[in-house]
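So you can see what is in the structure, the chains are spelled out below.
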Amino acid sequence: MKRIYPWLVVLAGIAGAILRGTQLCYGYEKSGLPKDGYLALPVLTAVVLIGCVILSRFYRNARPFETTFYAPAPQRAAGILIGVLTAAVGLGGILSVPEQLEEEISEFYEVIQPGSLIVAATYAQWILCVLTGISIAAIAAGQNGVQRGKVYATCTVVPMFWAGVTMVMIYHANSGNPVQTAFVYELLLCAAVMAAFYGIAGFFYSDGSAARFMMYGGAAVYLGLTAVGGRIDAWLFGAGNVEITAMWQQAALGLCALFVLPLLFSVPSRLGGQEE
């Protein structure tokens, strides 16, 4: 079961992406209100998240970061590349802030101008995204088996903080939308990314828990595949406009979930059937 669990998460995420794409393409009236009958995705999500809680209990080991997440050079290089791409997304977000603010103005019928707090928060979101990319690259580079001190755990704090800010910004952009299914999976993904990096941080201390990371990491991978994959499906099939802000947010969140994916597979392979 320990080695099957990551594959179950991936398969569930693929199914979730298909269902989410279908929901975005066909699950709403022209008025924006949801149609009846699209309950498969909420049910699947509830089952998967409960399954993550239950199945993660099989991982009872606690090992240091350098033991649990050791990766060969090609995997480390892939992780560094994900970090670089995340930083590039953040840079793209910074450069497109004027367009993002124009989108927000149009949502309010050009009546309400974004205040200085919103402008500052928008810039902060993408600056933190750049720092998140740098942090991910540093974490990936540290998967070489060399012992890392507690100071290295600060690399996990920035992604957590960025995901929290992104959650607030997504909710702000959709706070007037009564159709919660239009954005709730993105909010859950932000929370899961925060929790996954929190789970990674524990391995730099004495309270590293494989069960905790597998629970949070599994949720992050599933929701990443579901939310980002489903949104890509919808965009490819022309369901709704491609908003600049959502595009950058989806890209960055998807890259964070992609970084967690190989870590999810490394825990059972490194710890195997050992017990504490």
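The model shown is predicted, which means the values in this text are computed figures rather than measured ones.

The next thing to look at is the overall build of the protein. In terms of helices and strands, the protein carries ten helices and zero strands. Starting at the N terminus, the α and β elements of the protein follow one another as α-α-α-α-α-α-α-α-α-α. By residue count, 48% of the 276 residues in the protein fall in the buried class. If you take every contact in the protein between residues at least 6 apart in sequence, the share linking residues at least 24 apart comes to 83%. Only carbon and sulfur atoms are counted for the fraction: they give 69% of the accessible area of the protein, which is about 13000 Å².

Turning next to the nonpolar core. Trp162, Phe197, Phe213 and Phe259 are the most contacted members of the largest nonpolar core, which has 60 residues in total. For this core, the leading source of residues is helix α9 (residues 210-236), giving ten residues. Apart from the residues within four sequence positions on either side, Phe213 is in contact with Phe69, Ala196, Gly199, Ile200, Phe203, Gly218, Val260, Leu263, Leu264 and Val267.

Residues Leu11, Ile14, Ile18 and Leu225 make up a contiguous nonpolar surface patch of roughly 360 Å² in combined accessible area. The element contributing the most residues to the nonpolar patch is helix α1 (residues 5-26), with three residues. If you trace the backbone, Ile18 turns up in helix α1.

Let us look at the packing of α1 against helix α2 (residues 40-55). The description of two helices packed together rests on the angle between their axes and the distance between the axes. Running from amino to carboxyl end, α1 crosses α2 at an angle of 160°, the nearest separation of the two axes being 10 Å. By the angle class used here, α1 and α2 are roughly antiparallel. Remark: the crossing between α1 and α2 carries left-handed chirality. Residue-level inspection shows Tyr5, Leu8, Ala12, Ala15, Gly16, Leu19, Arg20 and Gln23 of α1 in contact with α2, the latter providing Ala40, Leu41, Leu44, Val48, Cys52 and Leu55. The class makeup of the residues in the contact of α1 with α2 is eleven nonpolar, two polar and one charged.

Below, the discussion takes up α1. Here α1 spans 31 Å end to end across 22 residues, near enough to the 32 Å set by a 1.5 Å rise per residue. The complete set of buried residues in α1 reads Tyr5, Pro6, Val9, Val10, Ala12, Gly13, Gly16, Ala17, Arg20, Gly21, Gln23 and Leu24.

So, on to the environment of Ala12. Along the chain, Ala12 falls in helix α1. Along the primary structure Ala12 and Val221 are separated by 209 residues, whereas in three dimensions their C-alpha atoms are 9.6 Å apart. Once residues lying within four places of it in the same chain are set aside, the contact partners of Ala12 are Leu44, Val48 and Tyr222.

Another point: helix α4 (residues 73-95). A rise of 1.5 Å per residue sets the reference length of α4, with its 23 residues, at 33 Å; its end C-alpha atoms lie 33 Å apart and thus fit the reference within 8%. Listing the buried residues of α4 in full gives Arg76, Gly79, Ile82, Gly83, Thr86, Ala87, Val89, Gly90, Gly92 and Gly93.

A few words on the packing of helix α7 (residues 154-174) against helix α8 (residues 184-201). As a packed pair, α7 and α8 sit with axes 9 Å apart at the nearest point and diverge in direction by 170°. Classified by the interaxial angle, the pair formed by α7 and α8 is roughly antiparallel. When you trace α7 past α8, the crossing you get is left-handed. Note on element contacts: α8 touches α7 through Glu186, Leu187, Cys190, Ala191, Val193, Met194, Phe197, Tyr198, Ile200 and Ala201, opposite Thr156, Pro159, Met160, Ala163, Gly164, Thr166, Met167, Ile170 and Tyr171. Class assignment for the residues of the contact of α7 with α8 results in 15 nonpolar, three polar and one charged.

Here the focus is the pattern of salt bridges. Scanning the entire structure with this criterion turns up two salt bridges. Glu186 is the salt-bridge partner of Arg20, the closest N and O atoms lying 3.7 Å from each other. Residue Arg20 is located in helix α1, and its partner Glu186 is located in helix α8; the two are separated by 166 residues in the primary sequence. Through salt bridges with shared partners, a single ionic network connects Arg20, Glu186 and Arg231.

Here is what the cut-offs are and how they apply
Residues numbered from 1 in each chain as written. Predicted model: local features only at pLDDT ≥ 70, side-chain atom pairs only at ≥ 80, totals over all residues. Heavy atoms only, no water. Helix = DSSP H or I, 4+ residues; strand = E, 2+ residues; numbered from the N terminus. Buried < 20%, exposed > 50% of the residue type's maximum accessible area, 1.4 Å probe, protein only. Contact = heavy atoms within 4.5 Å. Areas by Shrake-Rupley, 256 points an atom, 1.4 Å probe, with all protein chains shown as cover. Core = buried A, V, L, I, M, F, W, Y, C linked by side-chain atoms within 4.5 Å. Patch = residues over 30% accessible without salt bridge, like charges linked within 9 Å, V, L, I, M, F, W, Y side chains within 5 Å. Salt bridge = Lys/Arg side-chain N within 4 Å of Asp/Glu carboxyl O. Axes fitted to C-alpha atoms, helices over the stretch in contact; angles between N-to-C directions. Parallel < 35°, antiparallel > 145°, perpendicular 65-115°, else oblique. Left-handed = near helix turned anticlockwise from the far one by under 90°. Nonpolar A, V, L, I, M, F, W, Y, C, P; charged D, E, K, R; others polar. Expected span 1.5 Å × (residues − 1).

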